[in-house]
Amino acid sequence: MHSLDAFAQEKLDQLESRSLRRGLTDTFREDGIFVERGGKRLLSFSCNDYLNLTQHPAIKAAAKAAIDRYGAGSGASRLITGNHPLYAELETRLAQVKQTEAAVVFGSGYLANSGIIPVLIGPDGLIVIDELAHNCLFAGTQLSRGRVLKFRHNDVAHARELLAEHRAAHDHALIVTDGVFSMDGDLAPLEALQALGEEYDAWLMSDDAHGIGVIGGGRGSSFMGNAHVPVPLQMGTLSKAIGAYGGYLCASAPVIELMRNRARTLVYSTGLPPSAVAAAIAALDLIEREPAYAAAPVQKAKVFTASLGLPDAQSPIVPIVIGEADAALSASRLLMEEGFLVAPIRPPTVPQGTARLRLTFTAQHPMDEIERLADIVRTRILA
Ligand SMILES: *Cc1c(COP(=O)(O)O)cnc(C)c1O
């Protein structure tokens with residue numbers, strides 16, 4: 001065997017032996033909530049399409065109209081000829097939603113995080129990051145070549161210790177966190193982190209991939225309750241509740257202008273297809289018009305957690321931590337036999353020993369099915 005193939009096969013065998021090998025499964029998404037896999041119809045609790053907007057008629061129509069008018073692809077980087085006129089409208093809308101001066105849209109959330117962080121932090125900089133932050137935030141920190149220190153999950157006192165000890169030795173500092181944690185569904189203490197940032201001149205960056213559209217009246221995690229935390233770097237994605245594709249950063253005008261000049265994943269990557277941008281604009285319209293609809297996913301998650309006596313859901317994401325990877329796989333298989341798609345989440349996506357079922361609730365999940373799922377989890381998985 002060629003050494004390259006032998007290398008690949010050995011890695012795959014190692015993953016297999018630890019129940020960590022993954023695979024792609026053809027999935028036909030029928031509507032916002034049901035999927036078909038291998039001829040079986042399943043109610044999905046594993047899509048991040050919180051408002052079921054990927055299938056919304058008005059949003060699909062907006063995408064189709066954009067293709068007819070502007071074409072299927074954008075043809076070049078935004079800085080060359082890929083900046084079709086829909087971008088300006090979307091960026092204005094995002095800045096309004098997040099109450100910042102400006103916004104910039106990237107090709108995806110992953111591209112946004114890998115691009116933003118190295119613009120702000122170089123080899124002499126410091127990054128203090130929550131240990132459970134999303135993988136692409138860590139990718140961005142590595143590309144920055146700055147000093148990266150992890151703080152214990154949501155532990156502001158630990159973040160403070162790290163800044164107290166290391167801030168002075170670096171030119172600039174960034175505090176990085178998810179706004180809503182993608183695998184745990186809990187919220188970051190943004191107000192305390194923002195105050196900490198002010199104290200140490202460390203810029204706060206929040207990743208609100210799972211916040212926009214569904215919490216804080218649809219505006220996201222810095223708009224919870226009556227308080228608005230003025231997070232200076234608010235990143236997020238257009239591919240979850242917004243139902244389209246793309247990533248964004250909302251920030252001050254000079255920061256956004258700097259990103260347009262220096263973020264390599266923006267400068268050297270092709271602009272989004274016009275259809276994705278048009279769909280995102282239509283989705284933001286809908287969320288603004290129907291705040292009660294935007295609140296539905298979290299309400300449904302709360303029904304589920306109350307029914308199981310789990311901690312009250314703070315977002316549409318509810319984890320059921322199982323422990324070992326193979327046990328999480330069997331729990332997922334059991335639910336599949338009952339007509340539910342609940343994907344198991346295993347390391348390295350989550351820490352060793354915390355393999356879990358991760359459930360995402362959407363606006364249109366039927367209540368009786370949520371109750372039936374809770375019953376099965378109670379009697380056959382947690383029992
Ligand atoms: C999904 C996700 C991303 C990546 O966004 P994409 O647009 O899917 O690339 C970034 N951060 C968090 C917290 C996410 O959950």
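Residues numbered from 1 in each chain as written. Predicted model: local features only at pLDDT ≥ 70, side-chain atom pairs only at ≥ 80, totals over all residues. Heavy atoms only, no water.

Chemist: Could you clarify how one ought to interpret the side chain of K300 in this entry?
Modeler: Positionally, K300 belongs in helix α11 (residues 291-308). For K300, which is buried and forms no salt bridge, the nearest opposite charge comes from D368, at a distance of 8.8 Å. Beyond its immediate stretch of four places on either side in the chain, K300 contacts F361, T362, A363, Q364, H365, M367 and I370. (Helix = DSSP H or I, 4+ residues; strand = E, 2+ residues; numbered from the N terminus. Buried < 20%, exposed > 50% of the residue type's maximum accessible area, 1.4 Å probe, protein only. Lys, Arg positive; Asp, Glu negative; His and termini not counted. Salt bridge = Lys/Arg side-chain N within 4 Å of Asp/Glu carboxyl O. Contact = heavy atoms within 4.5 Å.)

Chemist: Is there a simple way to explain helix α4 (residues 109-120) in this structure?
Modeler: Because each turn of an α-helix spans 3.6 residues, side chains separated by three or four positions end up pointing in the same direction. For α4, built from twelve residues, the straight-helix expectation of 16 Å at 1.5 Å per residue is met to within 8% by its first-to-last C-alpha distance of 17 Å. Of all the twelve residues making up α4, nine are buried; the element is thus mostly covered by neighbouring parts of the structure. At the N-terminal boundary of α4, the capping side chain belongs to S108, with an oxygen 3.3 Å from the backbone nitrogen of Y110. (Expected span 1.5 Å × (residues − 1). Polar contact = N/O pair within 3.5 Å; in protein donor to acceptor, adjacent residues only side chain to side chain.)

Chemist: Sorry, what's going on with the domain arrangement of the protein here?
Modeler: For the protein, the domain assignment lists domain 1 (20-49 + 291-381) and domain 2 (57-289). Taken together, the contact pairs 18 residues of domain 1 with 20 residues of domain 2. A buried area of about 1,400 Å², summed over both sides, lies between domain 1 and domain 2, and 62% of it is on carbon and sulfur atoms. In this structure, the connection of domain 1 to domain 2 is made through one salt bridge. Measuring nitrogen to oxygen at the nearest pair gives 3.1 Å for the salt bridge that ties D184 to R356. Our enumeration of links across domain 1 and domain 2 arrives at four residue pairs in polar contact (both at pLDDT 80 or more). Elements that contribute at least two residues to the side of domain 1 that touches domain 2 include exactly α11, β11 (317-323) and β14 (355-360). It is α11 that provides the largest number of residues to the side of domain 1 that touches domain 2, a total of five residues. Classifying every residue of the side of domain 1 that touches domain 2 gives eleven nonpolar, four polar and three charged. (Domains from an automatic or database assignment. Buried area = accessible area lost by both parts, 1.4 Å probe. Nonpolar A, V, L, I, M, F, W, Y, C, P; charged D, E, K, R; others polar.)

Chemist: Before we go on, may I ask you to explain the sheet that holds β14 in this structure?
Modeler: Strand pairing within a sheet occurs via backbone hydrogen bonds; the two strands may be parallel or antiparallel. The strand order β11-β14-β13 describes an open sheet built from three strands, whose pairing is antiparallel. The two strands at the open ends of the sheet, each matched to only one other strand, are β11 and β13 (344-345). Sheet analysis places β13 next to β14, joined by two bridges and oriented antiparallel. Pairing of P344 across the sheet is with L357, part of β14. Sheet strands touched by helix α12 (residues 325-337): β11, β13 and β14. Its angle to β14, the strand with the most contacts, is close to 35°. (Pairing = 2+ DSSP bridges. Axes fitted to C-alpha atoms, helices over the stretch in contact; angles between N-to-C directions.)

Chemist: How should I be thinking about the packing of helix α10 (residues 274-289) against α11 in this particular structure?
Modeler: How two helices sit against one another is set out by the angle between their axes and by the gap between those axes. The geometry of α10 relative to α11 is characterised by a closest axis approach of 5 Å and an angle of 90° between their N-to-C directions. On the basis of the axis angle, α10 is roughly perpendicular to α11. Across the interface between the two elements, L286, I287, E288 and R289 from α10 touch P291, Y293 and A294 from α11. (Parallel < 35°, antiparallel > 145°, perpendicular 65-115°, else oblique.)

Chemist: How should I be thinking about unusual backbone geometry in this particular structure?
Modeler: A negative phi angle is the norm for most residues apart from glycine, just as the trans form is the norm for most peptide bonds. A cis amide bond links P347 with the next residue in sequence, P348, at an omega value of 5°. Considering the arrangement of structural elements, one finds P348 in the loop between β13 and β14. In the Ramachandran plot, N154 falls in the positive-phi region, its phi being about 60° despite a non-glycine side chain. Secondary-structure assignment places N154 in the loop between β6 (147-151) and α6 (156-166). Accessibility expressed as a relative area gives 24% for N154, which makes it partly exposed.

Chemist: For this particular structure, what's the right way to read the UniProt feature "domain: Aminotransferase class I/classII large" (unreviewed entry) in the protein?
Modeler: The UniProt record marks residues 42-375 with the feature "domain: Aminotransferase class I/classII large" (unreviewed entry), using the residue numbering of this structure. Taken end to end, residues 42-375 is 42% helix and 17% strand, and its two terminal C-alpha atoms sit 17 Å from one another. (UniProt positions renumbered as here; feature names shortened; annotations may be inferred.)

Chemist: Even after reading the chapter, I still don't get the site of the ligand, so can you show me in this structure?
Modeler: As a matter of local geometry, the ligand sits amid 14 residues, with G109, D207, H210, T237 and K240 nearest to it. Measuring from an oxygen atom of the ligand, one finds a backbone N or O atom of Y110 at 2.9 Å. One nitrogen or oxygen atom from the side chain of K240 is found 2.7 Å from an oxygen atom belonging to the ligand. Split by residue class, the shell around the ligand holds three nonpolar, eight polar and three charged. (Near = heavy atom within 4 Å.)

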